[in-house]
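# A look at the structure
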Amino acid sequence: VQVRVKQVDAKGGKISLSMISKEDEPAPRERRQNNRGGGRQMFSESEMGAKDWKESLEKSLDDQPKFVNSFVIEDKRKVK
């Protein structure tokens, strides 16, 4: 098996390795620019899911039973 360096990220301290030949490797994804200074967006809009995820999460958590811890006092003093 031959391992080759696919990508080096010096800032993040990461190295991507590949165990397949360069010819068999799929083409890299297109790099997308976002509106916040030219960085790369990790996921496309279709992969992000519902826009109201926070409201959906709060609604589902409201339906769940509540768990509350209470304090316990244990007297470890010796009785004479």
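Here's a quick rundown of the structure. Small disclaimer: the values here were computed from a predicted structure and weren't measured.

### A word on the overall build of the chain
When you go through the chain residue by residue, the secondary structure sums to 1 helix and 2 strands. Traced from its N-terminal end to its C-terminal end, the chain shows the element sequence β-β-α. A burial count over the chain gives 4% of its 80 residues as buried. Here the contacts in the chain between residues at least 6 apart in sequence split such that 3% fall between residues at least 24 apart. If you sum the accessible surface of the chain, you get close to 8,900 Å²; carbon and sulfur atoms cover 53% of it.

### A word on the pattern of salt bridges
Side chains that differ in charge, positive against negative, can pair when their charged atoms come close. What the rule picks out here adds up to 1 salt bridge. Notably, a salt bridge pairs Asp-75 with Arg-77, separated by 2.9 Å at the nearest N-O pair. Each member of the pair, Asp-75 as well as Arg-77, is classed as exposed.

Conventions used here
Residues numbered from 1 in each chain as written. Predicted model: local features only at pLDDT ≥ 70, side-chain atom pairs only at ≥ 80, totals over all residues. Heavy atoms only, no water. Helix = DSSP H or I, 4+ residues; strand = E, 2+ residues; numbered from the N terminus. Buried < 20%, exposed > 50% of the residue type's maximum accessible area, 1.4 Å probe, protein only. Contact = heavy atoms within 4.5 Å. Areas by Shrake-Rupley, 256 points an atom, 1.4 Å probe, with all protein chains shown as cover. Salt bridge = Lys/Arg side-chain N within 4 Å of Asp/Glu carboxyl O.

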